[in-house]
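# Fold and geometry: a report
Below are the chains, spelled out letter by letter.
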Amino acid sequence: MTVVYNPQAPADAHLIAKYDGRAPRYTSYPTAVQFTPEVDEKTYRGWLAQLPVTAPVSVYLHIPFCTRLCWYCGCNTRAVSRHEPVRDYVDLMMRELATLEQALPGKLAVGDIHLGGGTPNMLNVEELGIIFGNLRHVFHVAEDAEIAAELDPAVLSRDWIKAAAWHGLSRASLGVQNLSPEVQQAVNRQESFEDIADCVAAVREAGVRSVNLDLMYGLPNQTTRNTLSTIDAVLTLRPERLALFGYAHVPWMKAHQQLIDEAALPGPAERLEQSEAAAERLQAEGYVRIGLDHFALPEDELAKAAVEKRLHRNFQGYTTDAARTLLGLGASAIGTTPGGFVQNIAQELGWRHAVADGKLPIARGVAVTDEDRFRADIIERLMCDLEVVLPEVCERHGRGMTELRAVIARFEDFRQDGLLEWDGRTLKVTPRGRLLVRSICALFDAYLAPDAQRHAKAI
């Protein structure tokens, strides 16, 4: 079914002007801005030693290589034309894994493995075997473990897909972004719908049970029309999940974004229209809208978790993974333990030197306090469920509602603008406020500076 988007009213300029400040994406709390070098390798080793042997953990592996550099990209990656750096990197990552093994209290169970990047399908088949062989040596990898990988269709081969599926790949995430040639040229990422369709077909033929397609709004030369035409095309592939991310233009943090023509970027009102038009079309085609920017078919586990309010949020976005510990491997990888968050050295050369010296290559992190856990619980429920029963969260953490008095006093502006509802117990984000949920979460952020520039715009 094709639905023509017909906005009932122009975007609310007042709301955009008032609320389109910068806000974290809240893939963690405290956010990465609060990470400091005070949390180091010694701190991390102490946290690892205290992990309960019986509790499952998850593993994230960062592969920071691509064959092309997409100008919109905010990830830690670089383009390479030779394979030698990739192979050397894999060898060192396995050394990092061996060092990590020595620091763990035993052979832990793993239920989720995520390969991110960069482009994990830059790895060759042999390297995939090395990685999964070592992971299964160090951990008890569950037979039904969810193994996911972020893939670039431009360099995805059938041999790679078959090998990954043999190792247990259960979910493939393919980058699409936008199919308009004008948009693709403006961000240095050219590929056809036929390329995407071939990759989806090959992934399904290999037995991978879930396909996610990443889309974006707010790219240069992007319009509501070419956003919807992209969605109409990819809907014919019926992916189990789609993500619709807003482009974050932060050229002061990502130098290659300076190659983007800022005059071609849509403004806040246009971004809002693109996002809402896309969401309306996806929902009309039967997808469940999840949190801020995800969509899934009703029978998909992510949609079920959203309905049952057991959804979680981590550095990979929305997830059903309930593990309290995520072990990160590779340059810039972020991990979490009950004690706090850690991040590996982001610069690849520095990471290589640290791993070669037999160190856990921690650059920074943050220890979490009881206060942090309390606020993180509220923020995660808002990001995942778009509502939170504050007295219940207070009870879980041994807190009183009086501690939130100052935050609650700030609800009124949002309520009057129709962005939230508050009855004294339950805080609900309204449909109008969904895209501003990050700004609502920011009310509970004890660290956020009013003029913070390191975050993306809220819309």
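Residues numbered from 1 in each chain as written. Predicted model: local features only at pLDDT ≥ 70, side-chain atom pairs only at ≥ 80, totals over all residues. Heavy atoms only, no water.

Tallying each qualifying case throughout the model produces 27 salt bridges. Between Arg310 and Glu308 there is a salt bridge, with its nearest N and O atoms 2.5 Å apart. Note on Arg310: relative accessible area 33%, which makes it partly exposed. Linking Arg399 and Glu371 is a salt bridge whose minimum nitrogen-to-oxygen distance equals 2.5 Å. (Salt bridge = Lys/Arg side-chain N within 4 Å of Asp/Glu carboxyl O. Buried < 20%, exposed > 50% of the residue type's maximum accessible area, 1.4 Å probe, protein only.)

Time to look at the nonpolar core. Leu100, Phe139, Trp160 and Phe444 are the most contacted members of the largest nonpolar core, which totals 119 residues. If you tally residues by element for this core, the top one is helix α3 (residues 84-103), at 9 residues. For Leu100, the residues in contact, after removing those within four places along its chain, are Tyr44, Leu48, Phe139, Leu327, Leu329 and Leu360. Counting residues in hydrophobic clusters, the runner-up holds 9 residues, among them Tyr72, Val183, Tyr247 and Ile260. (Core = buried A, V, L, I, M, F, W, Y, C linked by side-chain atoms within 4.5 Å. Helix = DSSP H or I, 4+ residues; strand = E, 2+ residues; numbered from the N terminus. Contact = heavy atoms within 4.5 Å.)

The next thing to look at is the environment of Gly339. Relative to the helices and strands, Gly339 is located in the loop between β14 (334-337) and β15 (340-344). Note: C-alpha distance between Gly339 and Pro105 (234 residues apart in sequence) is 15 Å. Once you skip the residues sitting within four places of it in the chain, Gly339 turns out to touch Trp47, Val366, Ala367, Val368 and Arg373.

Another point: the sheet that holds strand β19 (residues 426-429). Taken in spatial order, the 3 strands line up as β17-β19-β18 in an open sheet, and their pairing is antiparallel. Looking along the sheet, the strands with just one partner apiece sit at the ends: β17 (387-389) and β18 (420-422). Looking at each pair of strands side by side, their axes are set apart by 5° on average, direction ignored. Here 3 bridges tie β17 to β19, and the two strands are oriented antiparallel to one another. Paired with Val388 across the bridge in β19 is Leu427. Sitting on the sheet, helix α12 (residues 370-385) touches β17 and β19, and the angle it makes with β17 is about 140°. (Pairing = 2+ DSSP bridges. Axes fitted to C-alpha atoms, helices over the stretch in contact; angles between N-to-C directions.)

Take the side chain of Glu146 next. Within the fold, Glu146 resides in strand β5 (residues 140-151). Exposure remark for Glu146: the relative accessible area of 15% places this residue in the buried category. Contact partners of Glu146, with chain neighbours within four places excluded, come to Gly111, Asp112, Ile113, Ser170, Arg171, Arg209 and Arg241.

Before going further, it helps to examine helix α9 (residues 268-284). Taking 1.5 Å per residue, 17 residues should reach 24 Å; α9 reaches 24 Å between its end C-alpha atoms and fits that length. Among the residues of α9, those classed as buried are Arg271, Gln274, Ser275, Ala277, Ala278, Ala279, Arg281 and Leu282. Buried residues along α9 sit in contact with β7 (210-217), α8 (224-235), β8 (241-246), β9 (288-290) and β10 (294-296). One or two positions beyond α9, positive phi appears at Gly286, with a value near 100°. (Expected span 1.5 Å × (residues − 1).)

Packing of α3 against helix α11 (residues 348-356) leaves a shortest axis separation of 9 Å and a crossing angle of 45°. On the basis of their axis angle, the class for α3 and α11 is oblique. Considering how the two elements wind past one another, α3 and α11 form a crossing that is left-handed. Residue-level contacts link Pro85, Asp88, Tyr89, Leu92, Met93, Arg95 and Glu96 of α3 to Glu348, Trp351, Arg352, Val355 and Ala356 of α11. Among the residues forming the contact of α3 with α11, the class breakdown is 7 nonpolar, no polar and 5 charged. (Parallel < 35°, antiparallel > 145°, perpendicular 65-115°, else oblique. Left-handed = near helix turned anticlockwise from the far one by under 90°. Nonpolar A, V, L, I, M, F, W, Y, C, P; charged D, E, K, R; others polar.)

Moving on, we come to the confidence of the model for the chain. The pLDDT averaged across the chain works out to 93; a share of 95% of its residues lies at or above 70. Segment residues 1-11: pLDDT under 50, and 21 contacts once partners within four positions in sequence are set aside and those in other chains are kept. (pLDDT = per-residue confidence, 0-100.)

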